[in-house]
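# Chains, contacts and geometry: an overview
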Amino acid sequence: MDIILARHGETEWNVGEVFRGRADIDLNRNGRLQAELLGQYLAVTKIEAVYTSPLKRAVDTARSIARFHNLQVEVREELNDLDFGAWEGLSVNEVPLRYPDLFAVWADHPEKVCLPGGETLDDVKKRSMKTIDTIIDHYRESVVLVTHRVVIKVLVCNLLGLGNAHFWNIMVDTCGLTTFRYDKGRFVLIRHNDNGFLKTLELTPSKDF
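These figures come from a predicted structure and were not determined experimentally.

### Some remarks on the sheet that holds strand 2 (residues 47-52)
- With mixed pairing, six strands are arranged side by side in an open sheet as 3-2-4-1-5-6. Only two strands of the sheet have a single neighbouring strand rather than two, namely strand 3 (73-75) and strand 6 (186-194). Adjacent strand axes in the sheet meet at a mean angle of 20°, parallel and antiparallel pairs treated alike.
- Where strand 1 (residues 2-7) meets strand 4 (residues 142-147), six bridges bridge the pair, whose relative direction is parallel. Note that in strand 4 the partner of Ala6 across the bridge is Val146.
- Contacting strand 1, strand 2, strand 3 and strand 4, helix 3 (residues 56-66) crosses the sheet at an angle of about 170° to strand 2.
- With respect to the sheet, helix 7 (residues 149-159) is in contact with strand 1, strand 4, strand 5 (177-183) and strand 6, its orientation differing from that of strand 1 by roughly 150°.

Below, the structure is given as structure tokens:
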């Protein structure tokens, strides 16, 4: 079976490089176009189920996929974004000013950071892997998980057996697709950050945010 990890479309907080976390930010106009193109791209893939984070930016992206397959999206709290706690709503320029020491650790060793009032990457790993376990027990074809940058990076690290110390070695663009094939107890990466279907939008080069 194939596990397709899809990041949600763009929001204004992506553009402004603001830490999102659990803030329920809508897709912007570009994000809605991205989600539509993503749905069209996956329309020819046999998909058994579409799971999503509960946040609107993910749910709306998931619906753009599911409608081509006459499926209802299934909301999973385990796929929610990292709880950034006190960092939520702050820009990438503000956080180093308010939390200089912690931000320095985040930049070099994110696996060691417990965000003030929020989560660790290990927390994300434990909860998101519950959804992976559910999928491999119940499906045999392709399943799509629509979720967030942090969740996808953590899942890629851990499905490859790398651990969260490799978090910054992975980039995931908005609406980028990453696919693992699960066969005989092994997760094999067969596609990563595929977003060629967005080329008609003439996007500017992405930052890892």
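### With respect to the packing of aromatic side chains
- Taken as a whole, this structure holds 13 aromatic pairs when the rule is applied.
- Ring centres of Phe19 and Phe84 lie 5.0 Å apart, and the angle between their planes is 50°; this geometry places the pair in the tilted category. Of this pair, Phe19 sits in the loop between helix 1 (12-15) and helix 2 (29-41) while Phe84 sits in the loop between strand 3 and helix 4 (94-98), and the two are 65 residues apart along the sequence.
- You can call Phe84 buried: its relative accessible area is 3%.

### Some points on the pairing of strand 4
- Buried residues dominate strand 4, accounting for six of its six residues.
- Burial along strand 4 is two-sided: Ser142, Val144 and Val146 facing one way and Val143, Leu145 and Thr147 facing the other are all buried.
- Pairing of strand 2 with strand 4, which is carried by five bridges, proceeds in the parallel orientation. In the sheet register, Val50 faces strand 4, and the bridge partner there is Val144.

### Things to note about the pattern of salt bridges
- Summed over all chains, the structure comprises 13 salt bridges.
- The residue Asp2 makes a salt bridge to Arg181 at a minimum N-O spacing of 2.7 Å. Within this pair, whereas Asp2 is found in strand 1, its partner Arg181 is found in strand 5, the two being separated by 179 residues in sequence.
- Residue classification places Arg181 among the partly exposed positions, given a relative accessible area of 41%.
- When the shortest N-O distance is used, the salt bridge between Lys56 and Asp26 registers 3.4 Å. Highlighted residues: Lys56 in helix 3 and Asp26 in the loop between helix 1 and helix 2, separated in sequence by 30 residues.

### As for the side chain of Thr120
- You can see Thr120 is positioned in the loop between helix 5 (100-108) and helix 6 (121-138).
- In this structure, Thr120 is in contact with Leu82, Val113 and Cys114, ignoring residues within four places of it in sequence.

### Points about helix 7
- Burial analysis of helix 7 places eleven of its eleven residues in the buried class, which makes it a mostly covered element.
- Within the span of helix 7, buried status applies to Arg149, Val150, Val151, Ile152, Lys153, Val154, Leu155, Val156, Cys157, Asn158 and Leu159.
- Elements in contact with the buried residues of helix 7: strand 1, helix 6, strand 4, strand 5 and strand 6.
- Backbone geometry just downstream of helix 7 places Gly161 in the positive-phi region, at approximately 75°.

### Side note on unusual backbone geometry
- A positive phi angle, near 55°, is found at Asn70, a position not held by glycine.
- Locating Asn70 in the fold gives a position in the loop between helix 3 and strand 3.
- Using a relative accessible area of 78% as the deciding quantity, one classes Asn70 as exposed.
- Residues other than glycine seldom take positive phi values, yet Cys175 does so here, at roughly 65°.

Rules of the game
- Residue indices begin from 1 for each chain and proceed along its sequence in written order.
- Given that the model is predicted, a residue must reach a pLDDT of at least 70 before its local features are reported, and side-chain atom pairs must reach 80 or more before they are shown or counted; all residues, however, enter totals for whole chains, interfaces and linings.
- Only hydrogens and water are set aside; all other atoms, that is, all heavy atoms of the structure, feed into the side-chain values.
- In this scheme, strands are said to pair when DSSP sees at least two bridges between them.
- In this description a helix means any DSSP run of H or I spanning at least four residues, a strand means any run of E spanning at least two, and both kinds are numbered starting from the N terminus.
- Only C-alpha atoms enter the line fits that serve as axes; for helices the fit covers just the stretch in contact. Angles between N-to-C directions range over 0 to 180 degrees.
- Any two residues having at least one pair of non-hydrogen atoms within 4.5 Å are treated as being in contact.
- Only Phe, Tyr and Trp rings are paired, with Trp represented by its six-membered ring, and only when their centres lie within 6.5 Å; those with planes under 30 degrees apart are stacked, over 60 edge-to-face, the remainder tilted.
- Type-normalised accessible area, obtained with a 1.4 Å probe on protein chains alone, sets the label of each residue: buried when under 20%, exposed when over 50%, and partly exposed for intermediate values.
- Each reported salt bridge corresponds to a side-chain nitrogen of Lys or Arg within 4 Å of a carboxyl oxygen of Asp or Glu.

Nothing here speaks to function; it is geometry throughout.
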